[in-house]
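Below are the chains, spelled out letter by letter.
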Amino acid sequence: MAHFAAGDRLSDKNLRSLEDLTQRVLTYFPNADLNAIEKAYLFSERMHEGQIRRSGEPYISHPLNVAGILADLHLDIDSIITALLHDTIEDTHATAEDIRREFGDTVAALVDGVTKISKMQFKTSNERQGENIRKMIVAMGKDVRVILVKLADRLHNMRTLDHMQYEKQARIALETLEIYCPLASRMGISALKIELEDLAFRFYRPEMFYELTQLVQKTEKEHTQYIDEVKRLIVKELHSGFRDIEIQGRSKHLWSIYRKMQARSIDYNQVYDVLAFRVIVETLPQCYEVLGHIHALWKPIPGRFKDFIAMPKTNNYRSLHTTVIGPGGDRIEIQIRTKEMHLIAERGVAAHWRYKERGRINDETAQKFEWLKDLVSWNQQVRNSDEFLDTVKTDLFESEIYVFTPKGDVREFPEGSTPLDFAYSIHSDVGNHCVGARINGRMVPLKHQMQNGDTIEIVTSNTQQPSKDWLKICVTNRAKSRIRVFVKEEQRKRSLLLGKELMDREFRKYGASATKYLKGEAMERFKKDFGIHDDDEVLVRVGYGKLEPRNVIERLAPDLVAAQTKQPTSEEKRDPNFIQKVFKSAAQKMKKSGSLISVGGMDDVLVYFAKCCTPIPGDPIVGFITRGRGVTVHRSDCRKAFEFDQLRRVDVEWNNPNADQQQERSVRIQVISQDIPGLLKMMSEAFALEGMNIANANIRTTRDKKAISTFEVGVKNLSQLNQVILHLQKIKGVIGVTRQTSS
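The model shown is predicted, which means the values in this text are computed figures rather than measured ones.

A. Region of the structure containing unusual backbone geometry. The phi dihedral of H74 falls on the positive side, at around 65°, and the residue is not glycine. Structurally, H74 is set in the loop between α3 (61–72) and α4 (77–85).

Below is the structure:
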């Protein structure tokens, strides 16, 4: 009647030869063109000849195993060939033209989409990461196989990350958690996502990974017995009414358990729903029939039933989820789905694959992966790399809320979304003129958070306009992007008027008319020198504060300035206090930053450090011209920085960020730990070990015997901060350590 399985996983068997790869391909594609695969393998082997991986293996082992992962996903031959060639352009003397000539336009385009932007120069690692992701997203919009190759590439790199230095391991692991795991989830490839998450967990928080591994291993025998008992009871309940069903039982993967511990501030022993079960049936009606049997067997927990068959996720994931009180009073999650649903859940977009489509997103696939079109659209709208990267990170996380339009259509939104997010999902004009909403027939304000099952009706007014404060209310990047566009346009209009007024006023000081000088050859030379394309842009920059009116006049009308510039007389120069007065006057006009920050290559610029994100030397930073404060410096990942007009942005960098003599800057660190004696003393010693002074400390305990400690400490640079966080994480009893900001 039924057979059992532990759950599908990608094969982690290391391929050793071309024959291993071709055998794997033949299991799902008996008529595959093995000659084409062999040609690509030999080409890659020749190009990478002499190159060795950090593990000591020949470099060809990497593309070979990336191709093997794609073969596990049953991808087409072009994808397998691309995997074999994906590093040739970047790491060898092979060119895109060589790939095109030998393997055709399709493979050449795929390889180019996967290739990193290695020859471009970037100011920060964030900018490099942003542009790499941007290029990948653009290529993915043209051919979805690009991201499948890239995900397989990242998975094999994570499998072989042991040979990297710790700092690089942690950086790559964090990038994997922030970008590639959510991307694999959005693509619907759960088998790949789960392995990526656990590998990233291992290298990002190794001490917690191994501690949790030991705890899971201790209960493994007990869990195995429990799983067998639950399976037996399900089979007994279903009797013989179901043929050829499959029942799977397993412990949830480590990263999933860890996230649950972090979210609830609990330890492993308090995580009650560690086990998950899956019932795979033949037909859709059987899904609901099995659900009835499960609820008859065990009591369901209210609010924990989700019907992803009636309302599929954006990645087309379909399944019934219910959590019940199982044997012994333990909570267990049970998923019920058909074989087809299960295939889509495990392989996602790869399960939709049609060889004749050759990777293009047809209308049917586009509807199933609407988020992909949005990502490509964001690339066209967002020029700044940091902002684009933040957009991708935010948008990749799965939606949690399902609401209805007045006509009964279902729309998905992230948790915390408001009527503004709903309004902008309909149309920009609806969002721009939104004044409120009726939710389930009741009027609510713009900041009201939508809940699952709400019916939303947007109320608009022609006199309404977006404001910058709306950015704090919205959650979705679609809404934020539309608001920024409107706000920037309004700011530009105001700056244009202000710039014109300032230039008119400055020219009047010299008894001249601005209209006469803001055109002609001198103006054309000025625009060319500053990279400005039109006359209005000059006035806009003056209004923004990027150009000083006097400096513009000095360039456009030097004769006016020379005529009115008064030189000091001989008697003034003989005054013994003259030089002192000059220096005192200059000091009042310019405050030096202590050369901590360089702005556009200049050290002596008035600098203000943003309190929202408290940047410290070593942090990736961005600067914005702020009227009255010179340049305000934010961390690159500060959310508030994305709310500023990007035209005010200037290049800033730290001067010698790792110098020991740096002035200390205040940083808040939060430590979540078990409430046990002596822990505070060990945490204080960790700060003392790094030579840090604790300026302020706030400790509170929770009902579940946890302690939340917030320390305000003086930090010289990012390296010192990372070291103390590492020391704190190693203390037994510490659950998590985070750097706190108000952004």
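B. Region of interest: helix α11 (residues 190–204). The end-to-end C-alpha distance of α11, which contains 15 residues, comes to 20 Å, matching closely the 21 Å that a straight helix rising 1.5 Å per residue would cover. What α11 keeps buried is the set S190, A191, L192, I194, E195, L196, E197, D198, L199, A200, F201 and F203. Looking at the buried side of α11, the elements it contacts are α9 (145–159), α10 (166–186), α12 (206–218), α14 (254–264) and α16 (339–347).

C. Broad picture of helix α23 (residues 477–509). For α23, spanning 33 residues, the distance from its first C-alpha to its last is 46 Å, which sits close to the expected 48 Å at 1.5 Å a residue. Downstream of α23 by a residue or two, G511 has a phi angle that is positive, lying close to 70°.

D. Fine view of the sheet that holds strand β11 (residues 442–444). Strand order in the open sheet formed by three strands is β11-β10-β12, and the pairing between neighbours is antiparallel. Each having just a single partner strand, β11 and β12 (456–460) make up the two edges of the open sheet. Here the average twist between neighbouring strands, direction ignored, is 30°. Here strand β10 (residues 434–439) pairs with β11 via three bridges, running antiparallel. Within the sheet, the bridge partner assigned to R438 lies in β11 and is M443.

E. The pairing of strand β20 (residues 694–701), seen in detail. One ladder, built from seven bridges, connects β20 with strand β21 (residues 706–715); its direction is antiparallel. The residue of β21 that forms the bridge with I694 is V713. Between the end of β20 and the start of β21, which pair antiparallel, lie four residues, with K705 showing a positive phi angle near 65°.

F. Spotlight on the side chain of T323. Note that T323 resides in strand β6 (residues 320–325). When sequence neighbours within four positions are dropped, the list of residues in contact with T323 reads P300, I301, R304, R331, I332 and E333.

G. Structural view of the sheet that holds β21. Reading across from one edge, β20-β21-β19-β22 is the order of the four strands in this open sheet, with antiparallel pairing throughout. If you trace the sheet from one side to the other, it starts and ends with β20 and β22 (734–740), each paired once. When the angles between neighbouring strand axes are averaged without regard to direction, this sheet yields 15°. Where strand β19 (residues 665–674) and β21 come together, ten bridges link them in antiparallel fashion. Looking at β21, one finds that S673 is bridged to A707.

H. Expanded view of the packing of helix α13 (residues 220–238) against helix α15 (residues 284–297). For the pair α13 and α15, interaxial distance at closest approach is 10 Å and the crossing angle is 115°. Once α13 is placed against α15, the crossing between them reads as right-handed. For the pair α13 and α15, contact is made by L233, I234, E237 and L238 and by V290, H293, I294, A296 and L297, respectively. Looking at the contact of α13 with α15 residue by residue, the class counts come to seven nonpolar, one polar and one charged.

I. Representation of the confidence of the model for the protein. Mean pLDDT over the protein stands at 81; residues scoring 70 or higher make up 81%. pLDDT under 50 marks residues 1–7. Its contacts with residues more than four places away, or in other chains, come to 27 contacts. Contacts for the low-pLDDT stretch residues 582–594, under 50 throughout, to residues beyond four places or in other chains number seven contacts.

J. Spotlight on the packing of α4 against helix α7 (residues 105–114). The geometry of α4 relative to α7 is characterised by a closest axis approach of 9 Å and an angle of 50° between their N-to-C directions. Classified by the interaxial angle, the pair formed by α4 and α7 is oblique. Judged by the twist between their axes, the crossing of α4 over α7 is right-handed. Side by side, α4 and α7 meet where D78, I81, T82 and L85 of the first sit next to T106, V107, L110 and V111 of the second.

K. Quick look at the environment of L212. Structurally, L212 can be placed in helix α12. Note on L212: relative accessible area 1%, which makes it buried. As a C-alpha pair, L212 and Y268 span 56 residues in sequence and 7.6 Å in three-dimensional space. Not counting residues within four places of it along the chain, the set of residues in contact with L212 comprises F201, L254, I257, Y258, M261 and Y268.

L. Fine view of the environment of P327. With respect to the helices, strands and loops of the structure, P327 is situated in the loop between β6 and β7 (331–338). Sequence separation between P327 and Y226 is 101 residues, and the spatial gap between their C-alpha atoms is 8.3 Å. In this structure P327 touches Y226, V230, L233 and W298, once residues within four positions along its chain are discounted.

M. Fine view of the state of the cysteines. Scanning all chains against the criterion turns up zero disulfides. Between C434, a free cysteine, and C474, which holds the nearest cysteine sulfur, the sulfur-to-sulfur gap is 9.1 Å. The thiol of C613 is unpaired, and the distance to the nearest cysteine sulfur, on C638, comes to 3.8 Å. The buried category is assigned to C613, whose relative accessible area is 1%.

N. Expanded view of the pattern of salt bridges. For the structure shown, the criterion picks out 31 salt bridges. The residue R100 makes a salt bridge to D105 at a minimum N-O spacing of 3.4 Å. A salt bridge links R555 to D529, with the nearest nitrogen and oxygen atoms 2.4 Å apart. Residue R555 is located in helix α27 (residues 549–556), and its partner D529 is located in helix α25 (residues 521–530); the two are separated by 26 residues in the primary sequence. Judged by its relative accessible area of 53%, D529 is exposed. Salt bridges linked by common partners bring D76, D78 and R145 together as one network.

Thresholds applied
Residues numbered from 1 in each chain as written. Predicted model: local features only at pLDDT ≥ 70, side-chain atom pairs only at ≥ 80, totals over all residues. Heavy atoms only, no water. Helix = DSSP H or I, 4+ residues; strand = E, 2+ residues; numbered from the N terminus. Expected span 1.5 Å × (residues − 1). Buried < 20%, exposed > 50% of the residue type's maximum accessible area, 1.4 Å probe, protein only. Contact = heavy atoms within 4.5 Å. Pairing = 2+ DSSP bridges. Axes fitted to C-alpha atoms, helices over the stretch in contact; angles between N-to-C directions. Left-handed = near helix turned anticlockwise from the far one by under 90°. Nonpolar A, V, L, I, M, F, W, Y, C, P; charged D, E, K, R; others polar. pLDDT = per-residue confidence, 0-100. Parallel < 35°, antiparallel > 145°, perpendicular 65-115°, else oblique. Disulfide = S-S within 2.5 Å. Salt bridge = Lys/Arg side-chain N within 4 Å of Asp/Glu carboxyl O.

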